[in-house]
Amino acid sequence: MTPEQKYQYQRIINTLIKRRKTKGLTIESLAMIIGTDTKTLGDWERKVKEPRLFNLLCWCEALQVYLNAQLNDGEF
């Protein structure tokens, strides 16, 4: 993973953390909604572990955050 990709990933996680707090959800309640355990969600928020794409999409959906993908020529 390049530094730019890592930075973009951190921005997504920071957005999800802010949205969770804005909605007044605890890590425990959000973990239950997305179907994971509290420790795993906490690890994702602290950026200790990276969620798989499916888990990231479930997390986004639970918080009503939508991702847009952009491909540059030659990257795919």
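Counting of residues starts from 1 at the beginning of each chain's written sequence and follows it residue by residue. Restriction of local features to residues with pLDDT of at least 70 applies here, the model being predicted, together with a cutoff of 80 or more for giving and counting side-chain atom pairs; totals for whole chains, interfaces and linings are based on all residues. The basis for every side-chain value is the complete set of non-hydrogen atoms in the structure, without hydrogens or water.

Participant: Mind laying out the side chain of E45, listing which residues take part and the relevant values?
Facilitator: A run of DSSP states H or I qualifies as a helix once it reaches four residues; a run of E qualifies as a strand once it reaches two. Both are numbered from the N-terminal end. Take E45: it is sitting in helix 3 (residues 38-45). Exposed residues in this analysis have more than 50% of their type's maximum accessible area, buried residues have under 20%, and partly exposed residues fall in between, with area computed by a 1.4 Å probe over protein chains only. The exposure class of E45 is buried, given its relative accessible area of 10%. Polar contacts, as used here, are pairs of N or O atoms within 3.5 Å; protein pairs need one atom able to donate a hydrogen and one able to accept it. Residues neighboring in sequence count only if both atoms are side-chain atoms. A distance of 2.7 Å separates a polar atom in the side chain of E45 from a polar atom in the side chain of R20. By the convention used here, residues are in contact when the closest approach between their heavy atoms is within 4.5 Å. The contact partners of E45, leaving out residues within four places of it in the chain, are I13, I17, R20, I27 and W59.

Participant: Explain the state of the cysteines residue by residue, including any values.
Facilitator: Simply put, the disulfide is a covalent bond whose two ends are the sulfur atoms of two cysteines. The disulfide criterion used throughout: a pair of cysteine sulfur atoms within 2.5 Å. Scanning the model with the defined rule gives 0 disulfides in all. With no disulfide of its own, C58 has C60 as its nearest cysteine by sulfur position, at a separation of 9.4 Å. Residue C60 is classed as buried on the basis of its relative accessible area of 2%.

Participant: Would you mind going over the nonpolar core in detail, with residue names and values included?
Facilitator: Take the buried Ala, Val, Leu, Ile, Met, Phe, Trp, Tyr and Cys residues and link them wherever side-chain atoms come within 4.5 Å; each set so joined is a nonpolar core. Core analysis: the biggest nonpolar cluster contains 14 residues, and L16, L41 and W59 have the highest contact counts within it. Elements with a contribution of two residues or more to this core: helix 1 (3-22), helix 2 (27-34), helix 3 and helix 4 (53-62). The residues touching W59, leaving out its near neighbours within four places in the chain, are I13, L16, L30, I34, L41, W44, E45 and P51.

Participant: Break down helix 3 for me, citing the residues and quoting the values.
Facilitator: Counting buried positions over the 8 residues of helix 3 gives 6, a clear majority of the element. When we look at burial in helix 3, the residues that qualify are T40, L41, G42, D43, W44 and E45. For helix 3, the capping residue at the N-terminal end is D37, with a side-chain oxygen 3.2 Å from the backbone nitrogen of K39. Two residues or fewer after helix 3 comes K47, characterised by a positive phi angle close to 65 degrees.

Participant: Quick one: what's the story with the confidence of the model for the protein chain, residue by residue and with numbers?
Facilitator: Do not read the predicted coordinates in detail wherever pLDDT is low. Residue-level confidence of the predictor is summarised by pLDDT, bounded by 0 at the bottom and 100 at the top. For the protein chain, the mean per-residue pLDDT works out to 87, and 84% of the residues sit at or above 70. Within the protein chain, helix 1 has the poorest average pLDDT of any element, 82, and helix 2 the best, 97.

Participant: Lay out the environment of Q10 with the relevant residues and their values.
Facilitator: Mapping Q10 onto the fold places it in helix 1. Residue classification places Q10 among the partly exposed positions, given a relative accessible area of 29%. In sequence terms Q10 and R46 are 36 residues apart; their C-alpha atoms lie 9.8 Å from each other.

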